[in-house]
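# Coordinate analysis (summary)
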Amino acid sequence: MTSWNHTVVTYFQFLPFSSIPEIQGSLFCLVLLMYLSTLVGNILIIMITMVDAALHSPMYFFLKNLSFLEIGYTSSTIPKMLVNFFTQRKGISFLGCATQMYAFTLLAITECCLLSAMAYDRYVAICHPLRYTTMMSWNKCFLLSAVSWLIGVLVASGQTTFIFTLPYCGPNRINHFFCDLPPLLKLACVDTYKNEITTFIIAVLFIMVPFLLIVVSYVQILHTIFKMPSAGGKRKTFSTCSSHLVVVTLFYGSGIVTYLRPKAFYSSSSSKLLSLSYTLMSPMMNPLIYSLRNKEVKQALKRLIAKNINM
């Protein structure tokens, strides 16, 4: 494996997000608005789940972790993108690029694992309600969360080291808005077939396997719901997990298409749009989905607002 000292490129240049200069200002405003909405929405979810005693349960413990992940996940890419809209030198140092990829990969893989833990929580709550408190003890919740983070750290460390010990001797222009795997592999000065295979295997293991666990959980959940005699009971039970199902669809839909599609179908322009979907659109939508579709969150938000008004 080539060492870091053999690397020639010390700086990567990002190509403009759009080839039409006239819309750069509008794009900047749109992305900035979406990013601020993401921060405000997820911070609000964290505050509500921390201060409202009614939301001190495993489901909202995971939701709080998810919101924390979304803030870091979005912040690892979007601020740099916003700066690059109006700077002449739209780029990042070699070390900065490695750091960005590490942070992005860590948070993305952790989120994949955390979403599967949330699906397991909903499975236990709906399919085994009488055993919920024992099967989803606080110790198990902390363990599932810690394991998700540990997997993220290990995968990000290995993947980042594997990519950035490749020799980069030019060109240094990345056709993307952040340091993502596919466009970086294109710039390496050696055959990257082994790296592409490794990336695909990692994607299957840590994107598809959690996704399949989520699918299995929801098959069991739907089977249990359909056996309920009351139509009202079916609607009420499904409403407790529908928000999570929407979030999973948004996050995994674009992620799977980006990292598991055949190389022959890879397109830089479509990849940038898909990446914007799961790095910004999904984190922005999550607080809206959980607050608008969840009665407990809406009630907690009303209590928080009323408490601040009465102060």
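The rules we used
- Residues numbered from 1 in each chain as written.
- Predicted model: local features only at pLDDT ≥ 70, side-chain atom pairs only at ≥ 80, totals over all residues.
- Heavy atoms only, no water.
- Helix = DSSP H or I, 4+ residues; strand = E, 2+ residues; numbered from the N terminus.
- Contact = heavy atoms within 4.5 Å.
- Areas by Shrake-Rupley, 256 points an atom, 1.4 Å probe, with all protein chains shown as cover.
- Lys, Arg positive; Asp, Glu negative; His and termini not counted.
- Charge placed at Lys NZ, Arg CZ, Asp CG, Glu CD.
- Salt bridge = Lys/Arg side-chain N within 4 Å of Asp/Glu carboxyl O.
- Buried < 20%, exposed > 50% of the residue type's maximum accessible area, 1.4 Å probe, protein only.
- Pairing = 2+ DSSP bridges.
- UniProt positions renumbered as here; feature names shortened; annotations may be inferred.
- Disulfide = S-S within 2.5 Å.
- Expected span 1.5 Å × (residues − 1).
- Phe/Tyr/Trp six-rings, centres within 6.5 Å; stacked < 30°, edge-to-face > 60°.

Scanning the chain from N- to C-terminus turns up 11 helices and three strands. When its C-alpha atoms are laid out on the principal axes, the chain stretches across 65 × 45 × 30 Å. In the chain, of all internal contacts separated by at least 6 residues, the share reaching a separation of at least 24 is 79%. Entry remark: accessible area of the chain is about 15300 Å², with carbon and sulfur atoms responsible for 70%. Charge-centre separation for the chain: the mean point of 23 positive side chains lies 7 Å from the mean point of 9 negative side chains.

This part takes up the pattern of salt bridges. Throughout the structure, instances matching the rule amount to two salt bridges. The residue Asp 52 makes a salt bridge to Arg 303 at a minimum N-O spacing of 3.0 Å. Here Asp 52 is found in the loop between α1 (24–51) and α2 (58–75), whereas its partner Arg 303 is found in helix α11 (residues 295–310), with 251 residues between them in sequence. Among the residues examined, Asp 52 registers a relative accessible area of 10% and is labelled buried. For Asp 121, the salt bridge identified is with Arg 122, shortest N-O distance 2.9 Å. Accessibility expressed as a relative area gives 1% for Asp 121, which makes it buried. Look at Arg 122 and you get buried, because its relative accessible area is 9%.

As a further point, take the environment of Leu 280. Topologically, Leu 280 is positioned in helix α10 (residues 268–292). Assessed through its relative accessible area of 0%, Leu 280 is described here as buried. Each C-alpha atom, one on Leu 280 and one on Tyr 35, is 6.8 Å from the other, the two residues being 245 residues apart in sequence. Excluding anything up to four places from it in sequence, Leu 280 contacts Val 31, Met 34, Tyr 35, Thr 38, Thr 74 and Ile 78.

Here the focus is the pairing of strand β1 (residues 11–14). Burial along β1 is two-sided: the residues Tyr 11 and Gln 13 and Phe 12 and Phe 14 are all buried. Pairing of β1 with strand β2 (residues 91–93) involves three bridges; the strand directions are antiparallel. When the sheet's bridge partners are listed, Phe 12 is paired in β2 with Ile 92. Relative to strand β3 (residues 173–174), β1 runs parallel, the two sharing two bridges. Following the sheet pairing, Gln 13 is matched in β3 by Arg 173.

Here, the residues flagged by UniProt with the feature "transmembrane region" (unreviewed entry) are residues 27–51, 101–120, 141–164, 200–222, 243–261 and 273–292. Between the C-alpha atoms that bound residues 101–120 there is a distance of 29 Å. The span itself is 100% helix and 0% strand.

The next subject is the environment of Ile 201. With respect to the helices and strands, Ile 201 occurs in helix α8 (residues 193–226). Each C-alpha atom, one on Ile 201 and one on Leu 260, is 9.5 Å from the other, the two residues being 59 residues apart in sequence.

The final tally for this structure, using the stated rule, is two disulfides. One disulfide in the model links Cys 97 with Cys 179; its S-S distance is 2.0 Å. Handedness of the Cys 97-Cys 179 disulfide follows from its S-S torsion of about -125°: it is left-handed. Taken together, the residues span a long stretch of sequence, with Cys 97 in helix α4 (residues 94–127) and Cys 179 in the loop between β3 and α7 (181–185) at a distance of 82 residues. According to the relative accessible area criterion, Cys 179 is buried, its value standing at 1%. Residue Cys 169 pairs covalently with Cys 189 via a disulfide, S to S 1.9 Å.

Further remarks concern α4. An ideal rise of 1.5 Å per residue puts 50 Å on 34 residues; α4 measures up with 49 Å between its terminal C-alpha atoms. Counting buried positions along α4 gives 26 out of 34 residues, so the element sits mostly inside the fold.

With that settled, consider the packing of aromatic side chains. Summed over the entire model, instances satisfying the criterion amount to 20 aromatic pairs. Residues Phe 104 and Tyr 278 carry aromatic rings whose centres are separated by 6.3 Å and whose planes lie at 40° to one another, so their mutual orientation is tilted. Separated by 174 residues along the polypeptide, Phe 104 in helix α4 and Tyr 278 in helix α10 bring together distant segments of the chain. Each member of the pair Phe 104 and Tyr 278 is classed as buried. Through pairs of rings, three or more aromatic residues link up here, namely Tyr 73, Phe 104, Phe 177, Phe 178, Phe 211, Phe 251, Tyr 252 and Tyr 278.

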